[in-house]
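# Working through the structure, step by step
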Amino acid sequence: MGDTRTAHATPAIEIDSLVVARGKGKARKEILHGVTADIPTGSITGLLGPSGCGKTTLIRTIVGAQKITSGAVRVLGQAAGSPSLRSQLAYTSQQLSIYPDITVAENVEYFAALVGADSASAQQALDTVDLEDYADRLVSTLSGGQASRTSLACALVGNPQVLVLDEPTVGLDPLTRQSLWATFRQLAKSGVTLLISSHVMDEARYCDSVLLMREGHFLAHEPLAALQERTSTANAEDAFLALIGSDDGGEV
Ligand SMILES: Nc1ncnc2c1ncn2[C@@H]1O[C@H](COP(=O)(O)OP(=O)(O)O)[C@@H](O)[C@H]1O
Ligand SMILES: [Mg+2]
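Inspection of every chain in the model, using the stated rule, returns four aromatic pairs. Taken together, a centroid distance of 5.7 Å and an interplanar angle of 90 degrees make the contact between Tyr 110 and Phe 111 edge-to-face. A centroid spacing of 5.2 Å and a plane angle of 85 degrees characterise the contact between Trp 181 and Phe 184, whose relative ring orientation is edge-to-face. One end of the pair, Trp 181, and the other, Phe 184, are both in helix H6 (residues 174–189), three residues apart, so they sit about a helical turn from each other. By the burial criterion, Trp 181 is buried, and Phe 184 matches it. Aromatic rings pair up to connect Tyr 99, Tyr 110 and Phe 111 into one cluster.

Structure, rendered in structure tokens:
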């Protein structure tokens, strides 16, 4: 999976000393406390951390839906939210944003129309997510995995170079999750950059590198194998706990 760092000089996403505050008035608080990371091109980065640590806030910032307090986020060298990124960056939110009362194909074609893509592109997106046989099904009759695939197809219609997926596998059974990750892998192989969030630490094993988050900070950003070796642990969850331990001990 390896040489993304040497093969591509410019990271797909650059997060530079990013501070983000949310809420209004007295309820306003800082959520991201000056985080920095480069997300390499053509690989899968897992944005992992417990609920409430700031994954969605970071993703909203990357897709240009969240105001930056200070610092910067660039996608493909352009400031997050730039209009020129519209066709190059696609995103699925944590809440399913597809329409339940129309078919799979109608959803994908609707999104294709929004980004100015043709129906061949819609068909190709359906093929990529293996939903050809479900094109005429109402979304309301789909399983969770199929609905997640429909969302992904909608994001894929314009052939975006960068895909940001907010907890696309949440609530799905292990087999369905595994097959979705296989689709993400296929996309990465074709050169797409994927940033995928999850609060399930175990999903680190499907990623080229993991960006571990806690309480608005990045704890680590490296391949799982390196993380496990550094923390003398055998899985992502133990590595996370070990890092928190060393954090609290004040050593590092
Ligand atoms: N609209 C909002 N206004 C104020 N605070 C918010 C808002 N949405 C989320 N938060 C807070 O931001 C923090 C991070 O939330 P979020 O980015 O959704 O985390 P995650 O996606 O990792 O679960 C949480 O403390 C949450 O309560
Ligand atoms: Mg979230």
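From this point on, the discussion continues.
Time to look at unusual backbone geometry. Residues other than glycine seldom take positive phi values, yet Leu 76 does so here, at roughly 50 degrees. With respect to the element layout, Leu 76 can be found in the loop between strand S4 (70–75) and strand S5 (78–79). Judged by relative accessible area, which is 25%, Leu 76 ranks as partly exposed. For Glu 167, which is not a glycine, the phi torsion comes out positive at approximately 50 degrees. Here Glu 167 is to be found in the loop between strand S7 (162–166) and H6. The class for Glu 167 is buried, based on a relative accessible area of 8%.

If you trace the six strands from one edge of the open sheet to the other, you get S6-S7-S8-S3-S9-S10, paired in mixed fashion. A single partner strand is all that each edge strand has here, and the edge strands are strand S6 (89–92) and strand S10 (217–222). For this sheet the average axis-to-axis angle between neighbouring strands, irrespective of direction, equals 15 degrees. Of the pairings in the sheet, the one linking S7 to strand S8 (residues 193–198) comprises five bridges and is parallel in character. By the bridge assignment, Val 164 is partnered in S8 with Leu 195. Here helix H2 (residues 55–62) sits on the sheet in contact with strand S3 (44–48), S6, S7, S8, strand S9 (209–214) and S10, set at roughly 150 degrees to S7. Helix H7 (residues 224–231) rests against S9 and S10 of the sheet, and its axis sits at about 110 degrees to S10.

The rules we used
- Residues numbered from 1 in each chain as written.
- Chains lettered and ligands numbered in written order.
- Predicted model: local features only at pLDDT ≥ 70, side-chain atom pairs only at ≥ 80, totals over all residues.
- Heavy atoms only, no water.
- Phe/Tyr/Trp six-rings, centres within 6.5 Å; stacked < 30°, edge-to-face > 60°.
- Helix = DSSP H or I, 4+ residues; strand = E, 2+ residues; numbered from the N terminus.
- Buried < 20%, exposed > 50% of the residue type's maximum accessible area, 1.4 Å probe, protein only.
- Pairing = 2+ DSSP bridges.
- Axes fitted to C-alpha atoms, helices over the stretch in contact; angles between N-to-C directions.
- Contact = heavy atoms within 4.5 Å.

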